[in-house]
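Descriptive structure summary
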Amino acid sequence: MRLLLATALLLGPADGAHAAGSDVEDRVREIASELRCVVCQNLSVADSPSDLAREMRNVVRDQVQQGKSREEVQAYFVSRYGEYVLLAPPKRGFNLLVWGLPFLAVLAGGGVVYLVARRWAEQKPGVRPTVDPVYAERVRRELKDRE
Amino acid sequence: MTWKRLLIPLASVPVILLLAYGFRTDPKAIPSPLVKKPAPEFRLTVFGGGEISLAGLKGKPAVLNFWASWCYPACYEEAPLLEATWRKFKDQGLMVVGVDIQDKEANALEFIQRFGFTFPNAPDPGSKVSIDYGVYGVPETFFVDRHGHIVYKHIGALTPGILEAQVQALLKGS
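Computed from a predicted model, the values in this text were never measured in an experiment.

**Quick notes on the confidence of the model for chain A**
Averaged over every residue, the pLDDT of chain A is 84; the share at 70 or more is 84%. Here residues 4-18 of chain A is modelled with pLDDT under 50, and outside its nearest four sequence neighbours on either side it reaches one contact, counting other chains as well.

**Here's the deal with the pattern of salt bridges**
Residues and elements named next belong to chain A. Inspection of every chain in the model, using the stated rule, returns 16 salt bridges over all chains. Between E142 and R138 there is a salt bridge, with its nearest N and O atoms 3.2 Å apart. Pair noted here: E142 and R138 are both in helix 5 (residues 133-146), with a separation of four residues, about one helical turn. Put simply, E34, R70 and E71 are held in one network by salt bridges that share partners.

**With respect to unusual backbone geometry**
Residue and element names in this part refer to chain B. At the junction of Y72 and P73, the peptide bond is cis and its omega measures out at 5° in the coordinates. In this structure, P73 sits in the loop between strand 3 (62-67) and helix 2 (74-89). The omega angle of the peptide bond from V138 to P139 is -5°, so this bond is cis rather than trans. In this fold, P139 is placed in the loop between helix 4 (128-132) and strand 6 (140-144). Even without being a glycine, K36 presents a positive backbone phi close to 75°. Tracing the chain through its elements places K36 in the loop between helix 1 (2-24) and strand 1 (43-45). Owing to a relative accessible area of 69%, K36 belongs among the exposed residues under this scheme. A positive phi is found at Q102, a non-glycine position, where the angle reads about 45°. Residue placement: Q102 occurs in the loop between strand 4 (95-100) and helix 3 (105-114).

**Concerning the packing of aromatic side chains**
One pass over the structure, following the stated rule, counts 18 aromatic pairs over all chains. Ring geometry for A:Y84 against B:Y136: centres 6.1 Å apart, planes inclined by 50°, an arrangement best described as tilted. With A:Y84 in the loop between helix 3 (70-81) and helix 4 (96-122) and B:Y136 in the loop between helix 4 and strand 6, the pair connects residues from two separate chains. For the pair B:Y133 and B:F142, a centre-to-centre distance of 5.2 Å together with 70° between the ring planes defines the contact as edge-to-face. Judged by its relative accessible area of 0%, B:Y133 falls in the buried class. Members of the aromatic cluster, each reached through a chain of ring pairs, are B:W67, B:Y72, B:Y76, B:F111, B:F115, B:F117 and B:F119. Just above the ring of A:W99 sits the side chain of A:K91; from NZ or CZ to the centre is 4.4 Å.

Reading guide: rules and limits
- Residues numbered from 1 in each chain as written.
- Chains lettered and ligands numbered in written order.
- Predicted model: local features only at pLDDT ≥ 70, side-chain atom pairs only at ≥ 80, totals over all residues.
- Heavy atoms only, no water.
- pLDDT = per-residue confidence, 0-100.
- Contact = heavy atoms within 4.5 Å.
- Salt bridge = Lys/Arg side-chain N within 4 Å of Asp/Glu carboxyl O.
- Helix = DSSP H or I, 4+ residues; strand = E, 2+ residues; numbered from the N terminus.
- Buried < 20%, exposed > 50% of the residue type's maximum accessible area, 1.4 Å probe, protein only.
- Phe/Tyr/Trp six-rings, centres within 6.5 Å; stacked < 30°, edge-to-face > 60°.
- Lys NZ or Arg CZ within 6 Å of the ring centre and 35° of its normal.

Right under this line is the structure:
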């Protein structure tokens with residue numbers, strides 16, 4: 001019993017600290033995954049093994065531990081590196097084109113498909129292409145010759 | 001029927017405008033949001049002892065240079081220029097400060113000795129100051145006026161022309 005109690009005492013606070021630590025780490029990872037590693041090619045600060053990205057993660061961790069929100073940490077990095085540091089461009093101003101254009105393109109493509117399909121549907125059924133009587137006659141003759 | 005003929009040229013106008021905008025901007029030139037803003041405060045321990053801080057420079061225009069001993073050849077090209085500029089203009093009130101980033105102390109000291117730096121140089125533990133200045137790589141140089149505002153940021157090795165012109169502008173500025 002005494003041993004159990006001692007084990008519980010040993011594990012208890014350690015577990016608590018671990019839970020709080022991993023919570024911070026989750027927040028750091030979440031925020032860092034949206035920040036661009038500025039010395040890499042299309043890698044986030046969370047994924048990059050570079051020294052600078054590691055230092056940036058430490059800065060994110062410091063700010064999270066100071067109780068700063070995701071937006072506040074992002075704003076800090078934007079104030080230092082510009083919007084380039086965000087992996088996803090903010091949805092405003094000129095950037096809206098990036099977000100809106102793919103949907104507009106799909107809509108426009110759908111419109112074209114609709115118009116073409118409607119034109120096909122409007123064509124009168126049973127209209128056969130006209131055949132030059134000279135060729136028709138030749139086909140008939142050659143078929144007859146084969147018999 | 002005429003509107004259909006105009007459809008394709010008209011539709012291509014916004015595409016051409018978008019491309020014109022995109023190709024005229026240099027994707028590698030990422031303007032620092034810090035230019036024309038107050039320089040972030042820093043406090044660093046200089047190699048060999050002593051402290052240097054932005055507050056401690058008050059009233060003095062400063063050239064803040066981020067370097068590393070492994071940054072070859074760019075940092076090696078501009079190092080003699082920085083030392084020469086410091087010697088030439090220190091009596092007129094110019095400060096030159098070197099910030100050594102992501103470096104080994106022995107290599108950094110060797111670099112300082114090699115170029116005979118006499119202006120203060122300090123390591124940046126944890127790259128805290130570098131990140132605060134939005135530094136991407138080395139070398140990068142910030143020109144800070146006597147009011148503590150960043151007036152210009154240079155990425156890459158400094159050239160004599162740029163360094164001289166920026167320092168003259170700093171010293172002239174009220």
